[in-house]
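As a plain string of letters, each chain reads:
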Amino acid sequence: MTRFLITRILSAVPVLLVVSLVTFLLIWLVPGDISAELGGTDATPEELEAIRRRLGLDRPLWERALAWYGDLFRGDLGYSYLLQRPVLDAVLERLPVTLSLAGLALVLATVMGLMLGILAAVRHNTLADQGAMVTALIGLSIPDFWFGIVLIILFGVWLGWLPTGGFVALTDDPLGWARSMTLPAMTLALTQMGVIARMTRSSMLDVLGQDYVRTARAKGMPRGTVVFRHALRNAMVPIVTVVGVLTGILLSGAVVIETVFSLPGVGRLIVGAIQRRDFPIIQGGLLVTACVFVFVNIIVDMLYGWFDPRVRDGR
Amino acid sequence: MAAEAAPAPLSLAAEIARARRRRRAAFLRRLFGHPSFLIGFVILAAFAATALLADRIAPYAPTKIDYRAILAPPSAAHWFGTDGFGRDILSRILHGTRVSLTIGLWVVAMVGVFGTLLGTLASYVRWLDGLIMRGLDGLMAFPGVLLAIALAAALGPSETNAIIALTVTFTPRTARIVRASVLVVQGMQYIEAAHAVGAGHGRIVFRYILANALSPLIVQLTFVFAVSIIAEAILSFLGVGPPPPAPSLGNIIADGRSYIQEAWWIAVFPGIVIAVAVLGLNLMGDGLRDVLDPRQRVERGGH
Amino acid sequence: MIPSLGLRTPLRLVAAVATALLACTLPGAVSGQQRGGTVVVAQAANPPTLDGMATAAEAARNITMHIYETLYAYSETIAPIPQLAEGVAISDDGLSYVFTLRQGVRFHNGKEMTARDVRASIERYRRVGATKSLLAPVESVEVTGDHEVTLRLSARTPMFLEAFASPRAPVVIIPEEDAAAEVGRISMVGTGPYRLVEYVPDSHVRLARFEDYAEDTRYAGSDGFGGRKAPHFDEVVFRIMPDPGAQVAALEAGEVHVLERIGVPSGRRLAGSDAIVVHENMPWAFTVLIFNTAAGPGANRDFREAVQAALNMEEIMAIVGEGLFDLNHRWQYRGSTYDPGEVGRDRYNRSDLARTAELLARAGYAGEEVILVTDTASQQNIRTAVVAEQQLRAAGINVVIRQFDQPTVLELRRRPEGWHLTTGQMGAAPYFGPVDTLATMTGAQPLFLAPDPQIDALFRELANGPTVEARQETFRRAQAYLYESFPIIKIGDWGKMEATRSNVRGYVPFRIPRMYNVWFEQ
């Protein structure tokens, strides 16, 4: 297990390298820098040049990149030009928002997706099956940000049950956190729910048709037990896999949801940094989120082994 | 294998051709007999027809401004109402389907090409495998929306940016699928036999390996098509898709988001159109998957 | 720089709102102004910094004008009135300004404001102030008493006090200890009615009442940016909400009490509601089109006039202003002190396609692509570009829109190639009068690429005009010149709508959403 972990963690290094290289490419692409914003409307070209020199923006990008990697080795992600604070602090402060959103969305999507999927598989070829699958398909097909706007109007304005936006920290007020996160998480969960429901159904159907499950049924094991002990456990393998993949998609999705629901998350932090050319935040923010992505995928790999005895024993 | 090289007797060739036709007919019967595929196909056909005929059937030009009819509710003159410029929403949606389809098709083509290329290279050229796969892992960890925002900052928002960003986003998974199916095929005996009779690498890759990886690829690309229509809407909503006054479905929703309560029709109708189009593509994908590749009933994950 | 940046704030927000609501239901409160509560103001953009003098951004000014104050401030009628100053004595030669300071004014850190702080603040402004060219005539700043500061000017500058009081990037007074700090690195301490508690970008800025605030008892109430400011609220929270739909939803749900900007259709819909009061803030800004006069077709005067002749201002303004607009050709707001009248009126809002064709032929225009650059940050800019593009294309000018984010547009506009026409909204500058208006057109930056010697000369004449009448005359000639040379085209004026919950009392719309002398009722 330890060796497996070490291998996995080492294999994360090239991923992070690619992410940081693509980020530099992106910085190289965007014209303009932050000097105009810092210099004010009246700044002369000389003053702008002085600001660039002070921030090192006059050096060629490869030099800046080397310096950045050097700092990274010392555990320093740099300093935000605009927020006037260390990048790591700024990103870590936002991470709870995005993680709350992504985490809750995953929970919602998994619970609802599993329920729909199991229902469909167990009642295979019935109206319930079709109903569940149509629901899943609709979930897959609706643009989620659009769904979010509709939810705001419905639950925020017309019914007035839930806040229309904003974030409450879990540590401050668990109830407020849940209320503030419900609509955004539902929005983000919509598509993923559809994916998980469809996957659960098909892998459950595969497993339910297999010999050992039939044997278990034949031995008189209650239906519910068979479904949950044997079938579902095996069906977890692709589900866990999809959770890992979804983590990557979630940040992209979170950018939009954070905008619609006015949430101060990492997505909006990075978008703001791109729009204002606050390069250290772009670099640091993307690296930290890539780390989260890699970390979740390592966990996913471990769960994968745990749920699938063949993988576990094969190691 | 050797028989193909020698000129076959006429009757045999005709026999083979007939058998091929029969197989194709049977395949099409199975495909169109599949209810999901049929419904999806009808929806997509309608969508494509709208896109092609938008010029003819749209009651107004999509960019025609009428400041006397700003935010007009649905009526006989404007079935789906008008937006903040007094532009006819129905006409904009009709033309918007064209933008969505164009972007979707481009993304499918690019993802198809790059996914196949990278996936085949990775599986066929051993020493490249690690490099390509790690690179793709890295891209998967990179949020595509942010790439699109950066591209828009550099080049201005455009269809091209949206296509590039979506291609980068969807290529890694597609390449993985291609790689996985090529690896499966590669181990099979008939490939070894082809090697044995001295078939060239190019021939083996194209004639045998890719042909067998095609089914999962087609299924995957159908879903890529579906997702890229939604993704176009997201990019336009964030202001980094096709620039105004282009009538993309996402742009129309973005135009309507400030008036969602006063003029619900601006955002609601294109949202429904997107949902229906994507539904159609998903249904088609399901049908294709069932018929082409019954074993692959699970969308593949990243591993 | 910012005290206690943390995530543990929204609870307090919720709690404070709850207490506010509770407090409001308590009977027996004094009639008239009531103390207490947390008011939530929504705005779309993050302030780039809360270092008041270092930014001219509206998103910052809305907030910083509650934290900081200036020696002189603009009144409701855009005249300089004393705020932190007791008054000013100007020498006969106009070269010396002796400001006496009010006594007993405290900073949020408890320290009393003295002449040393004022000198340090002005010195810092000359270094990092966002519109520091306004202080260009200042030769020296001296402390001439505990509560007296003397400015010496290098040349007579009749409009100096106006420039000094300008709130675009205000010359705010901060403690001497902060004066050496770089932009954004100060302690954000001022003398204003509210003090900064925290700033969480993309989320909110929280201010709390400054208990030791020295109200300026010379006035009865608010007067423009100055006057007597009574901080009735316990806390003022500026919530950053980028989505306009979400802002309106939050107002209707009662989570937000003040929208400093609401779409006109939403405003019209809510005008009938008992829970919400809608305010019209008209006029708010000019819509303009700016030419690249350095290169491309825009370098030709006839081409520029062709564009002017082609445009239908009514159509553009109806869409930009969503119905709240004024077809005003003037380069000042209608009826203001420097209203230049009918000059140039005959060339405005013509949509005269025959004349356009004639001018285009004279300019030798042969259908070259004309790039109209606009930025993604402003709905008004996008709308202007979209409608203008349609009209100009119909008039035979091959316009294409290129849309970028703001830093790219700024970068692009520094270069002579790559753009020919751009959109703009001028809000504050015309409001603060002819000098500010013309100042934006002088030199090579920020509006024009190629300095226009005529405008530069008119600007100098205006700034040195000894009397109001002389300056009015100069500005009339400036307007005549703009309608002769067309380096920039005036499209019209638009107004903005604001909305408050109806329990917010005493609110009067102005250039910033003033949260002093405003209170919750019931």
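On a predicted model such as this, the values are computed, not experimentally measured, just so you know.

**A closer look at the overall build of chain C**
Assigned secondary structure in chain C consists of 15 helices and 21 strands. Computed over C-alpha atoms, the radius of gyration of chain C comes to 24 Å, within 12% of the 24 Å expected from 2.2 N^0.38 for 522 residues, which places it in the range of a compact globule. The principal-axis extent of the C-alpha atoms belonging to chain C is close to 75 × 55 × 35 Å. The buried share among the 522 residues of chain C stands at 62%. Taking all contacts inside chain C whose residues are at least 6 apart in sequence as the whole, residues at least 24 apart take part in 73%.

**Quick word on the nonpolar core**
One finds A:Phe145, B:Val107, B:Leu146, B:Phe237, B:Ile266 and B:Ile274 to be the most contacted residues of the largest nonpolar core, which totals 154 residues. Among the elements that make up this core, the one with the highest residue count is helix α9 (residues 201-237) of chain B (18 residues). The contacts of B:Phe237, once residues within four sequence positions are left out, are A:Phe145, A:Ile149, A:Val256, A:Val260, B:Gly250, B:Ile253, B:Ala254, B:Arg257 and C:Asp243. Core analysis: the second largest hydrophobic core is formed by 68 residues, C:Val141, C:Leu196, C:Phe432 and C:Phe520 among them.

**Describing the pattern of salt bridges**
Going through the model one piece at a time under the given rule, you end up with 64 salt bridges over all chains. One salt bridge in this structure joins B:Arg98 and B:Asp55, with 3.5 Å as the shortest N-O distance. With B:Arg98 in helix α4 (residues 89-124) and B:Asp55 in helix α3 (residues 35-57), this residue pair connects regions lying 43 residues apart in the sequence. Through salt bridges with shared partners, a single ionic network connects C:Arg301, C:Asp302, C:Glu305, C:Arg347, C:Arg355, C:Glu358, C:Arg362 and C:Glu484.

**Describing empty space enclosed by the protein**
Under the definition given, this model contains 5 cavities of 30 Å³ or more. As for the second largest cavity, its lining consists of A:Ile149, A:Ile152, A:Ile153, A:Val260, B:Arg257, B:Ile260, C:Asp243, C:Gly245, C:Ala246 and C:Ala249. Elements with a contribution of two residues or more to the lining of the second largest cavity: α7 (144-158) of chain A together with α5 (244-252) of chain C. Here the lining of the second largest cavity is built from residues that sort into 7 nonpolar, 1 polar and 2 charged.

**Looking at the interface of chain A and chain C**
Every contact between the two is made by 43 residues of chain A and, on the other side, 41 residues of chain C. Together, the buried faces of chain A and chain C total about 3,500 Å²; carbon and sulfur atoms form 52% of this surface. Viewed at the interface, chain C and chain A are joined by 3 salt bridges. The partner of A:Arg277 in a salt bridge is C:Asp405, with the nearest N and O atoms 2.9 Å apart.

**Let's talk about the domain arrangement of chain C**
Accessible area lost when the parts come together is the quantity often used to give the size of an interface. Residues and elements named next belong to chain C. Here chain C is partitioned into domain 1 (2-12 + 34-240 + 503-520) and domain 2 (285-494). Averaged C-alpha coordinates put domain 1 and domain 2 at centres separated by 32 Å. Summed over both sides, the interface between domain 1 and domain 2 buries roughly 1,100 Å², with carbon and sulfur atoms accounting for 63% of that surface. Among the residues of domain 1 in contact with domain 2, Met159, Arg168 and Arg511 are the three that bury the most area, contributing 50% of the side total. Put simply, domain 1 and domain 2 have 1 salt bridge between them.

**Observations concerning a nonpolar patch on the surface**
Residues and elements named next belong to chain B. Side chains of Leu28, Phe32, Leu38, Phe41 and Val42 sit close together on the surface and give an oily, nonpolar patch of about 410 Å² of accessible area. Among the secondary structure elements, those contributing two or more residues to the nonpolar patch are α2 (10-33) and α3. If one sorts the elements of the nonpolar patch by residue count, α3 sits on top with 3 residues. By secondary structure assignment, the location of Phe32 is in helix α2. For Phe32, a relative accessible area of 32% corresponds to the partly exposed category.

**Quick look at the packing of aromatic side chains**
For the structure shown, the criterion picks out 28 aromatic pairs over all chains. Ring centres 4.5 Å apart and planes at 35° place the aromatic pair A:Phe145 and B:Phe237 in the tilted group. Of this pair, A:Phe145 sits in helix α7 while B:Phe237 is found in helix α9, placing the two residues in two different chains. Both residues of the pair, A:Phe145 and B:Phe237, belong to the buried class. A centroid spacing of 5.1 Å and a plane angle of 75° characterise the contact between C:Phe286 and C:Tyr333, whose relative ring orientation is edge-to-face. Of this pair, C:Phe286 sits in strand β14 (residues 276-291) while C:Tyr333 is found in the loop between β15 (325-326) and α9 (353-363), placing the two residues 47 residues apart along the sequence. For C:Tyr333, a relative accessible area of 6% gives the class buried. Of the aromatic side chains, those joined through ring pairs into one cluster are C:Tyr74, C:Phe225, C:Phe286, C:Trp331, C:Tyr333, C:Tyr431, C:Phe432 and C:Phe510. The aromatic ring of B:Tyr67 is capped on one face by B:Arg68, whose charged end is 4.7 Å from the ring centroid. Its end group placed over the ring of C:Tyr431, C:Arg511 keeps NZ or CZ at 4.3 Å from the ring centre.

Scoring rules and cut-offs
- Residues numbered from 1 in each chain as written.
- Chains lettered and ligands numbered in written order.
- Predicted model: local features only at pLDDT ≥ 70, side-chain atom pairs only at ≥ 80, totals over all residues.
- Heavy atoms only, no water.
- Helix = DSSP H or I, 4+ residues; strand = E, 2+ residues; numbered from the N terminus.
- Rg over C-alpha atoms; globule rule 2.2 N^0.38 Å.
- Buried < 20%, exposed > 50% of the residue type's maximum accessible area, 1.4 Å probe, protein only.
- Contact = heavy atoms within 4.5 Å.
- Core = buried A, V, L, I, M, F, W, Y, C linked by side-chain atoms within 4.5 Å.
- Salt bridge = Lys/Arg side-chain N within 4 Å of Asp/Glu carboxyl O.
- 1 Å grid on protein atoms, 1.4 Å probe; cavity = no way out; pocket = protein on both sides within 12 Å on 5 of 7 lines; lining within 4 Å.
- Points joined across faces, edges and corners; volume = space filled by probe spheres on them.
- Nonpolar A, V, L, I, M, F, W, Y, C, P; charged D, E, K, R; others polar.
- Buried area = accessible area lost by both parts, 1.4 Å probe.
- Domains from an automatic or database assignment.
- Patch = residues over 30% accessible without salt bridge, like charges linked within 9 Å, V, L, I, M, F, W, Y side chains within 5 Å.
- Areas by Shrake-Rupley, 256 points an atom, 1.4 Å probe, with all protein chains shown as cover.
- Phe/Tyr/Trp six-rings, centres within 6.5 Å; stacked < 30°, edge-to-face > 60°.
- Lys NZ or Arg CZ within 6 Å of the ring centre and 35° of its normal.

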